[in-house]
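# Per-entry structural report
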Amino acid sequence: MSGRDGAPGDEPSADDPADGDRPAGADPDDGEGVDDWDETVAEWESEVDEWEEEPPDDGSDGGDAAGTGDGTAAGGSGPADDVDPAVDRDPDLTPDDADRVPKVVSAGHINWDVTIHVDSLPEPDGETRIDRLEQSGGGSAANVAVGLVDLGGQSVVYGSVGGDESGALALRELASAGVDPGQVLVDADEPTSVKYVIVDGGGELLMLANDGANESFSAAGLDRDTLAAADHLHLTGQQPETAAALATAAAEAGATRSFDPGRRVADREFDAALHASDVLFLNDREADALDAATDVDPWEPDDRVVAIKLGDEGATVRTPHGSVSHPGFDVDPVDTTGAGDAFAAGFLAAALREPEITGDGFSHDPRDYQVPILVGNACGAVATESVTARTDLSWDRVRERMGESPETDLLIEVRA
């Protein structure tokens, strides 16, 4: 499971050639896909071997997600020799003490969440019993900021809250998690946005929310020195003009940009922010809506990377030169709130530490996203098993989750 927020929607067509039905490098007309695939595999394996022989730049000794060191595949599923040689059986996951620590400004909504668990939603004029009620910080920008800190990064959150108790609680929780909330605007004239999340027995949810002070902030309020010191700007739902101005300022400061516009992607004029972003995060319904409403084709991008969350079908990363997909992890979901934010945090935490991926914008080579998509899916899966939008995304939990799904599940296709 990739950890797409909300209930599953329509999946991409099964006969879409971009979904991995054709092997990497294969020409559908020449009948030589197998030979081309074997050559691609050999080249990729050689690159991986050379990379693994080089001493890591961050002083780390690598992760231990896919192999146990005793000839057994992770999770005890079988001999390590059964793992496809086309993929890295021991992906290098960032340890907590890595020298390269990505610095991220996460801009967008900061909420206070009230999560209500019920066995089933009532019919109109009906009633149901509350099984569990939890309160915690929420909002996509805040959730990603906390997740990045959990995974060894540094985060500044930028947004706005009201001058009320809920706002004070939200800021206190962010500070306790290690996120810098010093740039957050406090709007004394508006209440903090409180989101009521109702989760049924199957882990699916519905949300009730007020806007409150959620979008009181503007691009002018962000300290430019803070942005200049950042490696990356992550945007979530907000006023379109604010998103566009922040993305432009980040580009001028030399920071890479990502954007997760959320459910209203087709209803708001996000064109400028979309075109200014190196990476887009969408679920499949949002991708289809964006494709229908704008000139951006998330499924076949021509100038950016698009990570598309497919719920219990995993995720796919689309680039101008191909795609990499992973089917996700089997989970018994408790609460899918914030799972998409956990995916984004995991993906960015893995990608931003690699100069090969982000040294000159985001790479368009799909092979570079082998580890980011795995980490993103693992984080999304972990999040669905936790109550509320926040969960512990430690590297230990990521490694444990990845051990249950060897990297042979990766499907690589390089499109012409």
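Each residue is numbered by its place in its chain's sequence as written, counting from 1. Restriction of local features to residues with pLDDT of at least 70 applies here, the model being predicted, together with a cutoff of 80 or more for giving and counting side-chain atom pairs; totals for whole chains, interfaces and linings are based on all residues. Side-chain measures here rest on the full set of heavy atoms in the structure, leaving out hydrogens and waters.

Turning to the confidence of the model for the chain, a few remarks are in order. Confidence per residue, as judged by the predictor, is encoded in pLDDT with a range of 0 to 100. Residues at a pLDDT of 70 or more form 71% of the chain, whose mean pLDDT is 76. Helical segments are the DSSP runs of H or I of at least four residues, strand segments are the runs of E of at least two, and each set is numbered from the N terminus. In the model of the chain, helix α1 (residues 33–53) stands out as the element of lowest mean pLDDT, 49, in contrast to strand β9 (residues 232–236), which has the highest, 95. The criterion used for residue contact is that any of the two residues' heavy atoms lie within 4.5 Å. A low-confidence stretch, residues 6–34 stays under pLDDT 50, and its non-local contacts, those more than four residues away or across chains, total 57 contacts. The model gives residues 94–98 a pLDDT under 50, and that stretch makes ten contacts with residues more than four places away or in other chains.

With that settled, consider the pairing of strand β14 (residues 322–326). For β14, the buried fraction is high: five of the five residues fall into the buried class. Strand pairing is defined by DSSP finding a minimum of two bridges between the two strands. When strand β13 (residues 315–319) meets β14, the two strands line up antiparallel, connected through five bridges. By the bridge assignment, Val317 is partnered in β14 with Val324. Hairpin connection between β13 and β14: a loop of two residues separates the two successive antiparallel strands. Relative accessible area decides the class of each residue, using a 1.4 Å probe on protein chains only: under 20% of the type maximum gives buried, over 50% gives exposed, and in between gives partly exposed.

On to a negative patch on the surface. A residue counts toward a patch only above 30% relative accessible area and without a salt bridge, and it is joined to like-charged neighbours within 9 Å or, for Val, Leu, Ile, Met, Phe, Trp and Tyr, to nonpolar neighbours within 5 Å. Where accessible areas are quoted, they stem from the Shrake-Rupley method and a 1.4 Å probe; at the residue level, only the protein chains shown are allowed to cover. Think of a salt bridge as a Lys or Arg side-chain nitrogen and an Asp or Glu carboxyl oxygen that are within 4 Å of each other. The positive count covers Lys and Arg only, the negative count covers Asp and Glu only, and His and the chain ends enter neither. Working definition for charges: the position is that of NZ of Lys, CZ of Arg, CG of Asp or CD of Glu. The grouping of Glu269, Asp271, Asp295 and Asp302 at the surface amounts to a negative patch. By the secondary structure assignment, Asp302 is in the loop between α7 (284–293) and β12 (305–309).

Take the sheet that holds strand β7 (residues 194–199) next. Strand order in the open sheet made by the four strands is β3-β2-β7-β8, with mixed pairing throughout. Both edges of this open sheet fall to β3 (130–138) and β8 (205–209), since each of them pairs with a single strand only. Direction aside, neighbouring strands of the sheet carry axes that sit 20 degrees apart on average. Pairing geometry for β7 and β8, over five bridges, is antiparallel. Bridge assignment links Ile198 to a residue of β8, and that residue is Leu206. Against the sheet, helix α3 (residues 165–176) contacts β2 (111–118), β3 and β7, and its axis sits at roughly 95 degrees relative to β2. Axis definition: a line fitted to C-alpha atoms, over the contacting stretch in the case of helices. Angles run 0 to 180 degrees between N-to-C directions.

For Pro366, the location among the structural elements is in the loop between α9 (355–358) and α10 (370–384). In this structure the C-alpha to C-alpha distance between Pro366 and Val317, which are 49 residues apart in sequence, comes to 7.3 Å.

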